[in-house]
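Okay, here's what each chain looks like letter by letter:
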Amino acid sequence: MARGTTAMEVRADGVAVITISNPPVNALSLDVIASLQRNYAEALSRNDVRAIVLTGAKGRFCGGFDINAFGNKPKNEKPGSLSIDFLTDIVEDARIPSVAAIDGIALGGGLEVAMVCHARVSTPSAQLGLPELQLGIIPGMGGTQRLPRLVGLPKALEMMLMSKAIKGREAHELGLVDAIASPHELVSAACSWALEIAEQKRPWFKSLYRTDKLPAIGEVKEILKTARVRAQMQAANVQHPIVCIDVIEEGIVSSPRAGLMKEALSGKMLEQSQTSKSLRHFFFAQRATSKVPNITTMGLTPRRIKKAAIVGGGLMGAGIATVFIFNDFLVVLKEVNEQFLCAGINRVKANLQSFVRKGQLTKEDYEKKISLLSGVLDYEQFRDADIVIEAVIEDIILKQQIFYDLEKFCRHNCIFATNTSTIDLDLIGQKTASQDRIVGAHFFSPAHVMPLLEIVRTHQTSSQVIVDLLDVAKKIRKTPVVVGNCTGFAVNRMFFPYTQAAAFLVDYGLDVYHIDHVIKQFGMPMGPFRLADLVGFGVSVATRKQYLQTYPERCYNSMLVQIMLEDNRTGESSCRGFYLYDDKRKPSPDPDMRKYIEKSRKMAGVAQDPKLMKLTDNDIVEMIFFPVLNEACRVLDEGIALKASDLDVASVMGMGFPSYRGGVMFWADSLSAKYVYNRLEAWSRDYGVFFKPCEYLAARARENASLAAKAGGPKSRL
């Protein structure tokens, strides 16, 4: 079955209008490209065609090359057959002009095709960009060569290296598009422009050969040198940003056609890289999280959620309130007294003001958003709320009382959600009769920044409530992951061995700061000890108790944090944790850590291990992350998570695992289940049950199977 097509209609004035049609974003599948080539061959062979206008169906120009087609390209495809032989030698060098009529989106290959045209007409709100680097590749249809010639080298580097899209109006100011038109006049305006080029009333530009916006060679080399340094600092573990810069340089320093050939050859190499495979996996995994078997397949329609009530105005409650008002929901924020309420509202205001400073919100919009928020000290204004989200401290008794009270005031169909990060939802809802509408809505801190929403379902939570929350996640621009109910749910449970493994290595002789350095070099935003400082030791101790109670047989019970807490070291908030912090919160190592570590070793009854002290950096990464993988396998096996790709998304968006490794499960599969199992089994023989591989992992190792392949496991808790 064909994936998309193009259609050509020749107007009475001699303009051939070619329309790309491949819902939902008019992607350039192999079928679309073949159809486009046929249309051009026909148009260029006809004497009645004076010009060509290229556009997209249903208000979208083109969303880029179809990612599904990466694995279907002909193996013996000639390098540059598309970017040089067709787009450059046939379209750009044609005897008649082409004009792109851009509405909605012109991203990736879509923008590259538009830049091949001799002019571009866009709607003011259309999005134009080259986001290919997000997939571990570079623009492969001439974008690396044409964009710098149309917008200038610095702006082109920003758009490509940061995958930054711009709106049509800005594109017009930069020279990327030649004219702005309203959506209903777009094609007509593009046809007029094309005819005026054909009649020599307007200039006939070939983007590939323009040099008016390129600086002198010396300046080009300085700009690219700076770009390389920044790329290396921001993404030291990946090669595609540097490759992109090299390809751009080739086209400017050597020749545009040499640049096109280098682009084609480099692009083919990058497509086969592990980084690109990982990022493409993550791209599809993100889009699959909202597809939940037996929930989203039931034909349920989400109810309209207009008003949200938040209980608790602390960091999390204020962050959640910010998310909702930023996305135009009415919000009621409840606190226990005026002082706490005022502090909570001020936190929301500060969050919104940070958006204003970043240019994501105007001052006028700020006033509109903050007007959607009201603060209260009782539940009276909760009566017409569509959803209540409890965001108080991790105290089971307090949470139970709140849910008991909510039943008295809220409507019978109001959703009762809790933002707890670890506590079993069955315990929280124990005193309520409304078990079918109790759900976890676990935001990650800071809630107005972090992109993940963990939706936790108990055995009794209705499918309607899950469908409603999936719709809310979409409207507040969060990526949802639906999981089952247990201590820690999916994300925090999966990662509880992370800090425990790090503490184990310290007890056995490794340096705190070296471990943090190694884990950051691996690609995490920070190491486990810096993270513990940021979260706060009070939270660390409380969650450690939860996991010790629930999973005692596989916890490494280090007393290091407890010892430091007893000495009034609470982490970054007290400026003293594993690191010392100056008045600007800049961390520095603390020589006093040795005495705490010595005490922790004595309490654990262990000594420095010469074997472990010789671990390579790669060994350290594996000893810290393989227990995480082991727990992730249990989460999948027990049906807490429905699919391995959900855990990949959760690990990246919830914990900062590097996306260019694809997520924890995908990364493990790149190493093989057998390799992970053998390492854990060896460590468990030497150091105990903390490292003992679970049966799910053992079975995949025996079968040499992917960790994502769930065969004959128990029924899902969903």
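Numbering of residues begins from 1 in every chain and follows the order in which that chain's sequence is written. Residue-level local features of this predicted model are given only where pLDDT is at least 70; pairs of side-chain atoms are given and counted only at 80 or more, and the full residue set underlies all totals for whole chains, interfaces and linings. Excluding hydrogens and water, the side-chain figures rest on all heavy atoms present in the structure.

**Looking at the overall build of the protein**
Secondary structure assignment for the protein yields 28 helices and 19 strands. Here the globule rule reads 2.2 Å times residues to the power 0.38, and the radius of gyration is calculated from C-alpha atoms. In terms of overall dimensions, the protein is globule-like: its C-alpha atoms have a radius of gyration of 28 Å, near the 27 Å expected for 718 residues. Considered along the principal axes of its C-alpha atoms, the protein spans approximately 85 × 65 × 55 Å. Within the protein, the proportion of its 718 residues that are buried is 56%. Secondary structure counts use DSSP, requiring at least four H or I residues in a row for a helix and at least two E residues in a row for a strand, with both numbered from the N terminus. Buried means the residue's accessible area, taken with a 1.4 Å probe over protein chains only, is under 20% of the maximum for its type, while exposed means over 50%, and partly exposed covers the values in between.

**Some details on the pattern of salt bridges**
Take a side-chain nitrogen of Lys or Arg and a carboxyl oxygen of Asp or Glu: if they are within 4 Å of each other, that pair is a salt bridge. Summed over all chains, the structure comprises 44 salt bridges. Across the pair Glu572 and Arg585 runs a salt bridge, and its minimum N-O distance is 3.4 Å. Linking Glu572 in the loop between α22 (560-566) and β18 (579-581) with Arg585 in the loop between β18 and β19 (587-589), this pair joins segments that are 13 residues apart in sequence. In this structure Glu572 comes out as buried when scored by relative accessible area, which is 10%. Across the salt bridge formed by Arg685 and Glu681, the nearest N and O atoms sit 3.8 Å from each other. Highlighted residues: Arg685 and Glu681, both in helix α27 (residues 673-687), separated by four residues, approximately one helical turn. The exposure class assigned to Arg685 is exposed, which follows from its relative accessible area of 60%. On the basis of relative accessible area, Glu681 is assigned to the buried category, the value being 14%.

**Here's the deal with the nonpolar core**
The nonpolar core is taken to be a set of buried Ala, Val, Leu, Ile, Met, Phe, Trp, Tyr and Cys residues, with the residues joined through side-chain atoms within 4.5 Å. Core analysis: the biggest nonpolar cluster contains 88 residues, and Phe578, Ile624 and Phe625 have the highest contact counts within it. Element by element, the count of residues in this core is highest for helix α24 (residues 617-637), at 12 residues. Throughout, a contact is declared for two residues whenever any of their heavy atoms are within 4.5 Å. Each residue touching Phe625, except ones within four places of it in the same chain, is listed here: Phe495, Tyr498, Ile519, Phe522, Met524, Phe657 and Trp667. By size, the runner-up hydrophobic cluster in this structure holds 65 residues, among which are Ile18, Ile52, Leu82 and Val151.

**As for the sheet that holds strand β8 (residues 166-167)**
Two strands pair if DSSP finds at least two bridges between them. As summarised here, the arrangement of the three strands in space is β5-β7-β8, forming an open sheet in which the pairing is mixed. Each of the sheet's edge strands pairs with one partner strand only, and the pair in question is β5 (105-107) and β8. This element, helix α3 (residues 109-116), spans β5 and β7 (127-129) of the sheet and lies at about 95° to β5. Orientation is described by axes fitted as lines to C-alpha atoms, over the contacting stretch for helices, and by angles from 0 to 180 degrees between their N-to-C directions.

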